Amino acid sequence: MERQYIVALDQGTTSSRCIIFDQNETIVALAQKETRQIYPRPGWVEQDPMEIYATIYGAMNEALAQAGVGPAQIAAIGVANQRETSILWDKETGKPVCNAIVWQCRRTAEDCEVLKAQGLEPLVRRKTGLLIDGYFSATKIRWALDNIPGARRLADQGRLLFGTVDTWLLWKLTGGAVHKTDYTNASRTMLFDIHARDWDEELLRALDIPRQILPEVCASSGLFGMAQAGGRQIPVAGMAGDQQAALFGQACFEPGDCKNTYGTGCFLLVNTGDLAPQSRSGLLTTMACGAGGKPCYALEGSVFAGGSVVQWLRDEMRFIVEAADSEYFAAKAPDNGGVYFVPAFTGLGAPHWDMYARGAIYGLTRGTGRNQIIRAALEAVAYQSNDVLQAVVQDSGLALKELRVDGGASRNQFLMQFQADISGVRTVRTQNAEATALGAAYLAGLAQGVWQDPAEIKRRKPIEAVYEPAMDPAVRAKNLAGWQAAVSRTLTRQ
């Protein structure tokens, strides 16, 4: 069979990456270009949309050159993207009306408080699965319409378009021919009814956002449009927000399949199939991709401090020289010695949601040494992930089969074994660490027939390491009680 290639475009907050896979899921080329973040005021975060496109297009051309692959050999393009970041542009000139407002931007925090005071949160929660927060796209769009000169006039004239990063890239790649998004990205806007699977008129009216600026919403796997590359048209056939792409890239196709990405923070998602449970634990209900890329639902919880805990040990405390050293020193401590580290540097996320909590270390004695503090810091990442995991089980009623892991900190053997021990769940690291890009590739490749059977993808997925729970139940119970006591002392809201 002639070798086939899939181009995966992974557009993130700090970089644009292109990874080319063959039909055996082997990486044949990788190129990356940094993207700038712009901070015009305290709490404001922006990016240049033209730079976002230029870096992703440049990375794609560089990767194609590395691989020696011509456009004729590319079966499809898949796109994964930073979620919630909002871009508005004039469809006649092709120019953005302002910089992209990044997901991290807090300029609409006060607007969100007004919406809550108006009693809109139950409606938003019921229809979108989200909380009212400036993190999501809706209030960013309204801010731009109200504050960028001429923006609302362009909307009234039918010239203004909105999109998250996936939509903007698709529009540019297709020469302005296609204005679409997928269910996963639409579900992060705070304007999309995840049950009706359509833009919600009641929310649009409440935020004074005209429907005509919004993109058409499609399934994540399927033909979105034809990209212009190298004088040839290539189908863009897969699209998903980065965390949902990683869930798919980990072959979490069925209800109960779960993944955790260990980056600066941690993102834990579980596939809930056709069930869209409303969380009682502060988790988000969002749309994801089931077998074959068909729309399904997921519960999502975020841990604010994951790998950043290890960075703090290295950069601020100087306890270690390299991040990898944390594994060696943690293993030298026979146990935690009663020490618990609650890394609430910027508050606590799900399921506690206390933005005012701050970090603390409990249980220090005269005999506490560096190794125990390092161990407690790594354990804290697992404890926080376990809190989200248990909330997922409670809210969904699903029995989790295993936890699939990716991200830089998933290479830490001590952390992964402790995660399995404290959660009581088999923890699996797959061989290909590029879960996000691979998810985009799977979605595109399945649509174009490069792969036929999602079940076969799952069966043959190469496993790099498996961590089985091995902790004595009494020790586990004692550790969890100590962690919960430490967290309760840290919370500002009891």
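In short, a report on the structure.

Analysis parameters
- Residues numbered from 1 in each chain as written.
- Predicted model: local features only at pLDDT ≥ 70, side-chain atom pairs only at ≥ 80, totals over all residues.
- Heavy atoms only, no water.
- Helix = DSSP H or I, 4+ residues; strand = E, 2+ residues; numbered from the N terminus.
- Expected span 1.5 Å × (residues − 1).
- Buried < 20%, exposed > 50% of the residue type's maximum accessible area, 1.4 Å probe, protein only.
- Arc of directions from axis to C-beta.
- Polar contact = N/O pair within 3.5 Å; in protein donor to acceptor, adjacent residues only side chain to side chain.
- Core = buried A, V, L, I, M, F, W, Y, C linked by side-chain atoms within 4.5 Å.
- Contact = heavy atoms within 4.5 Å.
- Phe/Tyr/Trp six-rings, centres within 6.5 Å; stacked < 30°, edge-to-face > 60°.
- Pairing = 2+ DSSP bridges.
- Axes fitted to C-alpha atoms, helices over the stretch in contact; angles between N-to-C directions.
- Parallel < 35°, antiparallel > 145°, perpendicular 65-115°, else oblique.
- Left-handed = near helix turned anticlockwise from the far one by under 90°.
- Nonpolar A, V, L, I, M, F, W, Y, C, P; charged D, E, K, R; others polar.
- Disulfide = S-S within 2.5 Å.

Before going further, it helps to spend a moment on helix H16 (residues 473-490). Over its 18 residues, H16 extends 26 Å from the first C-alpha to the last, a length consistent with the 26 Å expected when each residue adds 1.5 Å. Of the positions making up H16, those classed as buried are Asn479, Leu480, Gly482, Trp483, Ala486, Val487 and Thr490. Along the axis of H16, the buried positions cluster into a sector of 160 degrees, meaning they face one direction only. Turned more than 90 degrees off the buried face of H16, the exposed positions are Pro473, Ala474, Lys478 and Arg489. Its side-chain oxygen placed 2.8 Å from the backbone nitrogen of Ala474, Asp472 serves as the N-cap of H16.

To continue, consider the nonpolar core. Ranked by internal contacts, the top residues of the largest apolar core, which has 57 residues, are Tyr262, Val392 and Leu403. Considering every element that reaches this core, the biggest residue donor is helix H12 (residues 370-396), with 13 residues. Leu403 has contacts with Cys258, Lys259, Asn260, Tyr262, Leu268, Leu389, Gln419, Val425, Arg426, Thr427 and Val428, leaving out every residue within four places of it along the chain.

All right, on to the side chain of Arg404 then. Inspection of the secondary structure assignment puts Arg404 in strand S21 (residues 403-406). A polar side-chain atom of Arg404 sits 3.1 Å from the main-chain carbonyl oxygen of Gln250. Of the polar contacts made by the side chain of Arg404, one reaches the side chain of Glu402; its length is 2.9 Å.

Phi is positive for Met190, close to 70 degrees, though the residue is something other than glycine. Looking at the element boundaries, Met190 is found in the loop between helix H7 (183-186) and strand S10 (192-193). Phi is positive for Arg197, which is not a glycine, with a value near 55 degrees. Relative to the assigned elements, Arg197 resides in the loop between S10 and strand S11 (198-199). What makes Arg197 partly exposed here is its relative accessible area of 30%.

In this section: the packing of aromatic side chains. Scanning all chains against the criterion turns up 20 aromatic pairs. Seen in terms of ring centroids, Phe248 and Tyr442 are 6.4 Å apart; in terms of plane orientation they differ by 70 degrees. Their pairing is edge-to-face. Of the two residues, Phe248 sits in helix H9 (residues 242-249) while Tyr442 sits in helix H14 (residues 435-447), which places them 194 residues apart along the sequence. One exposure class covers both Phe248 and Tyr442, and it is buried. A centroid spacing of 5.4 Å and a plane angle of 85 degrees characterise the contact between Tyr442 and Trp451, whose relative ring orientation is edge-to-face. Summarising the burial analysis for this pair, Tyr442 and Trp451 share the class buried.

What follows covers the environment of Ser423. Tracing the chain through its elements places Ser423 in helix H13 (residues 413-423). On the basis of relative accessibility, which here comes to 6%, the residue Ser423 falls in the buried class. If near-sequence neighbours (up to four positions away) are discounted, Ser423 is found in contact with Asn386, Leu389, Gln390 and Arg476.

Glancing now at the side chain of Thr13. Looking at the secondary structure, you find Thr13 in the loop between strand S1 (5-11) and strand S2 (15-22). We classify Thr13 as buried; its relative accessible area is 15%. Here the side chain of Thr13 touches Trp103 through a polar contact of 2.9 Å, side chain to side chain. Aside from chain neighbours lying at most four places away, what touches Thr13 is Thr35, Gln37, Gln47, Gln82, Val102, Trp103 and Gln104.

Looking now at the sheet that holds strand S5 (residues 74-81). Spatially, the 6 strands line up as an open sheet ordered S3-S2-S1-S5-S14-S13, and their pairing is mixed. Two strands in the sheet have a free side with no partner beyond their single neighbour: strand S3 (27-34) and strand S13 (221-229). Going across the sheet, the axis of each strand differs from the next one's by a mean of 25 degrees, ignoring polarity. The strands touched by H9 are S5 and strand S14 (232-241); relative to S14, the strand with the most contacts, the crossing angle is about 95 degrees. Sitting on the sheet, H14 touches S1, S2, S5, S13 and S14, and the angle it makes with S14 is about 125 degrees.

This part is about the packing of helix H11 (residues 325-332) against H12. Relative to each other, H11 and H12 sit at 115 degrees, their axes nearing to 8 Å. One finds that H11 runs roughly perpendicular with respect to H12. Between H11 and H12 the crossing geometry is left-handed. Every residue of H12 that contacts H11 at Ser326, Glu327, Phe329, Ala330 and Lys332 is listed here: Arg370, Asn371, Ile374, Arg375 and Leu378. For the contact of H11 with H12, the class distribution of residues is 4 nonpolar, 2 polar and 4 charged.

So, on to the sheet that holds strand S17 (residues 284-289). Pairing is mixed across the open sheet formed by 7 strands, whose spatial order is S17-S18-S16-S15-S21-S22-S23. The open sheet terminates on both sides in strands that have one partner only, identified here as S17 and strand S23 (463-467). Pairs of neighbouring strands in the sheet enclose a mean axial angle of 30 degrees, with direction left out of account. For strand S15 (residues 258-262) and strand S16 (residues 266-273), the ladder comprises 5 bridges, and the chain directions are antiparallel. Bridged to Thr261 within S16 is Phe267.

What follows concerns the pairing of strand S8 (residues 160-164). Successive residues of a regular strand alternate their side chains across the two faces of the sheet. With 5 of 5 residues buried, S8 lies mostly within the body of the structure. Side chains Leu160, Phe162 and Thr164 project from S8 onto one buried face, and the interleaved Leu161 and Gly163 project onto a second face that is buried too. Note that strand S6 (residues 86-90) and S8 share 5 bridges and pair antiparallel. Paired with Asp90 across the bridge in S8 is Leu160.

Bringing the state of the cysteines into the picture now. Inspection of the entire model under this criterion finds 0 disulfides. You can see Cys258 has no disulfide; the closest cysteine sulfur is in Cys252, sitting 6.9 Å from it. On the basis of relative accessible area, Cys258 is assigned to the buried category, the value being 1%.

Limitation: the analysis is restricted to geometry and does not speak to function.
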